[in-house]
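The primary structure of each chain is shown beneath.
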Amino acid sequence: MPFATSLRCRKCGQEYSLQSIKVCDFCLSPVEVNYDYKAMAKVVSRERVADGPFTMWRYRDMLPIQGEEVDIGTGFTPLLKADNLGRELGLDRLYIKNDCLNPTYSFKDRAVSVAVTKARELGFDTIACASTGNLAASVAAHASKAKVDAYVFVPASVEPGKLVGVAIYNPKLVTVDGSYDDVNKLCAEIAQKYHWGFININLRPYYAEGSKTLGFEVAEQLEWQSPDCVVAPAASGLLFTRIWKGLQELSMLKLIGPVNTHMYVTQAAGSSPIVHAFEAGSLHVHPVIPNTMVTSIAIGNPADGYYALMVARQSGGGAQDVTDEKAIEGMQLLAQTEGIFAEAAGGVAIAGLKKLVDAGVIKRDQLTVVFITGAGPRTQEIVANVVRPLKIQPNLESFSEALSISA
Amino acid sequence: MAKKQVMFTFPQELIKEPIIYNLGHKFKVVTNIRRADVSENKGWVVLELEGEDKEIEAGIAWVTDKGVRVDPVVGDVVEG
């Protein structure tokens with residue numbers, strides 16, 4: 001039974017029916033899904049969740065959909081106790097939420113699964129997105145499963161090799177000969193002109209809700225408790241706010257106790273408007289022009305930036321940026337301690353966590369969860385210099401010699 | 001008539017200039033402010049522009065040329 005009742009403006013409170021909508025008509029602010037939590041609480045229980053499938057859809061009661069879900073097997077990814085990395089950083093209770101292990105290798109599958117399910121309910125036969133990688137792959141994969149058309153817009157500057165993981169699903173791939181900003185503006189216009197389900201524009205309220213399942217899963221995997229600290233990367237800020245919302249909802253439904261989690265947002269220094277705003281004590285996230293190699297989180301004008309800022313502040317958390325160099329060190333540290341090859345956004349989270357621990361902000365005994373939101377292979381060229389093989393001839397002598405040199 | 005919803009971000013040196021007023025006079029564009037915040041350092045305004053496509057585009061180009069950053073109201077939509 002669906003418990004979503006309406007869409008509600010996050011600023012002015014104006015309510016709308018559960019439709020596709022870009023922003024509030026009155027104040028042009030983002031809208032979000034509103035639920036009947038009282039009715040939901042009568043149905044949802046730990047046991048009911050535990051009886052569900054081992055995917056994100058075990059939380060179906062808390063998601064805004066009615067019809068059959070478009071599911072490619074997303075979610076319920078591992079929460080690993082990271083003892084090696086914890087020792088390296090000085091944390092006794094560190095966990096990694098490894099969302100690399102989703103079907104298209106990033107957390108976007110959670111959000112897209114809900115958005116495409118809703119798109120089908122709302123009667124869209126075409127879905128679309130603009131992306132440089134993870135979102136594009138996820139949208140294309142879900143479109144295949146849902147048997148709907150998909151348009152994926154990509155800046156022409158994205159290397160063709162990166163698009164293989166998108167093109168394999170056979171969406172209509174459109175490369176736009178313009179800057180990142182040009183693609184942004186064009187897609188906002190296309191979304192207005194064509195009656196398509198634009199995943200992160202007019203379906204954004206539903207898209208957002210899928211990311212809540214990260215918060216749900218972590219709490220369930222910690223045997224129904226919320227962590228002391230959460231460290232997560234941010235681009236639009238949506239994921240960060242929805243981890244928090246997920247924890248809050250579980251508490252409201254009495255599946256966990258009060259949430260005392262400190263939320264720490266991390267960004268690449270070359271694209272860190274949320275961190276800037278936090279550090280400046282500002283109430284507004286001023287847009288910046290991204291300049292970072294961490295392309296998966298290079299968003300200069302984050303749609304949920306203000307709300308991410310509020311979550312960091314209200315939870316008693318914080319914000320931390322890291323240089324590209326430190327992000328790459330973070331990727332390597334994660335790979336070489338825990339065996340997880342994350343994309344650079346994961347390196348940002350690890351390097352951000354390191355800075356927070358070194359500064360004494362996150363303490364050794366705090367139960368800390370760091371979110372790894374995407375896998376490394378899609379953008380592996382940024383760490384290509386790790387390849388330093390022993391070069392030998394095909395004989396034992398050559399190998400022995402190389403071994404003695406390298407030893 | 002087309003409508004376009006945008007956010008203007010003003011640098012400090014332009015805060016005192018009547019740019020939105022001039023936009024409405026220089027171009028056949030109706031400006032309709034929905035939200036705004038202006039401080040001594042920076043200012044932003046979320047507004048709807050209504051008019052012919054060409055007029056809106058020319059108006060935005062003029063505003064951009066003055067040094068105002070113009071963004072879609074939905075934020076950046078190109079995601080990683």
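Not measured: the values here are computed from a predicted model.

1. Remarks on the packing of helix 1 (residues 19–26) of chain B against helix 2 (residues 53–66) of chain B
Residue and element names in this part refer to chain B.
And then number 1: Interaxial distance between helix 1 and helix 2 falls to 10 Å at its minimum, and their mutual angle equals 145 degrees. Note on packing geometry: the crossing formed by helix 1 with helix 2 is right-handed. The residues of helix 2 that touch helix 1, namely those facing Ile19, Asn22, Leu23 and Lys26, are Gly59, Trp62, Val63 and Lys66.
And then number 2: Its residues assigned to classes, the contact of helix 1 with helix 2 shows 4 nonpolar, 2 polar and 2 charged.

2. Observations concerning the sheet that holds strand 1 (residues 4–9) of chain A
All names here are of chain A.
And then number 1: Reading across the sheet, the 3 strands line up as 2-1-3 and stay open at both edges, with antiparallel pairing between neighbours. Looking at strand neighbours, the two that pair on one side only are strand 2 (15–16) and strand 3 (31–35), the edges of this open sheet.
And then number 2: Bridge count between strand 1 and strand 2: 2 bridges; the pairing is antiparallel. The residue bridging Arg8 from the neighbouring strand is Glu15, located in strand 2.

3. Quick word on the environment of A:Phe371
Residue and element names in this part refer to chain A.
And then number 1: Tracing the chain through its elements places Phe371 in strand 13 (residues 368–372).
And then number 2: It is 13 Å that separates the C-alpha atoms of Phe371 and Gln267, two residues lying 104 residues apart in sequence.
And then number 3: Among all residues touching Phe371, those that are not within four sequence positions of it are Lys97, Leu214, Val218, Val230, Val231, Ala232, Pro233, Ile243 and Ala349.

4. With respect to unusual backbone geometry
Residue and element names in this part refer to chain A.
And then number 1: At Asn170, a residue that is not glycine, the phi angle is positive and equals roughly 60 degrees.
And then number 2: Among the structural elements, Asn170 can be located in the loop between helix 6 (164–167) and strand 8 (172–176).
And then number 3: Positive phi outside glycine occurs at Trp224, with the angle close to 60 degrees.
And then number 4: Within the fold, Trp224 resides in the loop between helix 9 (212–221) and strand 10 (229–233).

5. A closer look at empty space enclosed by the protein
And then number 1: A complete count under the given rule lists 3 cavities of 30 Å³ or more for this structure.
And then number 2: Considered as a void within the structure, the largest cavity measures approximately 190 Å³ in volume.
And then number 3: A:Phe107, A:Lys108, A:Ala235, A:Leu239 and A:Ile297 are the residues nearest the centre of the largest cavity, which is lined by 20 residues in total.
And then number 4: When residues of the lining of the largest cavity are assigned to their parent elements, the largest contribution, 3 residues, is made by helix 10 (residues 238–252) of chain A.
And then number 5: Its residues assigned to classes, the lining of the largest cavity comprises 10 nonpolar, 7 polar and 3 charged.
And then number 6: Size it by volume and the second largest cavity reaches roughly 80 Å³.
And then number 7: As for the second largest cavity, its lining consists of A:Thr132, A:Gly133, A:Asn134, A:Lys162, A:Thr295, A:Ser296, A:Glu343, A:Arg378, A:Thr379 and B:Gly80.
And then number 8: Two domains each put at least three residues into the lining of the second largest cavity: domain 1 (4–66 + 108–207) and domain 2 (79–104 + 211–386) of chain A.

6. A word on the interface of chain A and chain B
Where interface size is quoted, it is often the accessible area lost as the parts come together.
And then number 1: Tallying the contact residues gives 38 residues for chain A and 25 residues for chain B.
And then number 2: In total, chain A and chain B occlude about 2800 Å² of area from one another, counting both sides; carbon and sulfur atoms represent 53% of this.
And then number 3: The largest share of the area that chain A buries against chain B comes from A:Leu28, A:Asn184 and A:Asn301, three residues that together contribute 23% of it.
And then number 4: Across the chain A-chain B interface, the total number found is 3 salt bridges.
And then number 5: Where B:Glu79 meets A:Arg204, a salt bridge forms, and the shortest distance between an N and an O atom there is 3.6 Å.
And then number 6: Taken together, the connections running from chain A to chain B amount to 25 residue pairs in polar contact (both at pLDDT 80 or more).
And then number 7: When contributions to the side of chain A that touches chain B are tallied by element, the ones reaching two or more residues are strand 6 (126–131), helix 5 (134–146), helix 7 (180–193) and helix 8 (204–210) of chain A.
And then number 8: Of all the elements, helix 7 of chain A adds the most residues to the side of chain A that touches chain B, at 8 residues.
And then number 9: In terms of residue class, the side of chain A that touches chain B is made up of 17 nonpolar, 14 polar and 7 charged.

The rules behind each value
- Every chain begins its residue count from 1, and numbering advances along the sequence as written.
- The lettering of chains begins at A and the numbering of ligands begins at 1, in the order of writing.
- Since the coordinates come from a predicted model, pLDDT governs what is reported: local features require at least 70, and pairs of side-chain atoms require 80 or more to be given and counted, while whole-chain, interface and lining totals use all residues.
- The basis for the side-chain values is all heavy atoms of the structure; hydrogens and waters are excluded.
- Fitted lines through C-alpha atoms serve as axes, helices being fitted only where they are in contact, and the angles separating the N-to-C directions of these axes extend from 0 to 180 degrees.
- Strands here mean DSSP runs of E at least two residues long; helices mean DSSP runs of H or I at least four residues long; both are numbered from the N terminus.
- What makes a crossing left-handed is the near helix being turned counterclockwise from the far one by less than a right angle; a clockwise turn instead makes it right-handed.
- Pairs of residues are marked as contacts when any of their non-hydrogen atoms sit within 4.5 Å.
- Residues were grouped as follows: Ala, Val, Leu, Ile, Met, Phe, Trp, Tyr, Cys and Pro as nonpolar; Asp, Glu, Lys and Arg as charged; and all remaining residues, including Gly, as polar.
- When DSSP finds two or more bridges between two strands, those strands count as paired.
- Here a cavity denotes grid points, spaced 1 Å and computed from the protein atoms alone, that fit a 1.4 Å probe unable to get out, and a pocket denotes an open set having protein on both sides within 12 Å along at least 5 of 7 lines; residues with an atom within 4 Å of a point are the lining.
- Grid points are joined across faces, edges and corners, and a volume is the space filled by probe spheres set on the points.
- Boundary definitions for the domains trace back to an automatic or database domain assignment.
- Joining two parts hides part of their accessible area as seen by a 1.4 Å probe, and the buried area is that hidden amount summed over both.
- We define a salt bridge as a side-chain nitrogen of Lys or Arg found within 4 Å of a carboxyl oxygen belonging to Asp or Glu.
- In protein, a polar contact requires one atom able to donate a hydrogen and another able to accept it; more generally it is a pair of N or O atoms within 3.5 Å, and residues adjacent in sequence count only if both atoms are side-chain atoms.

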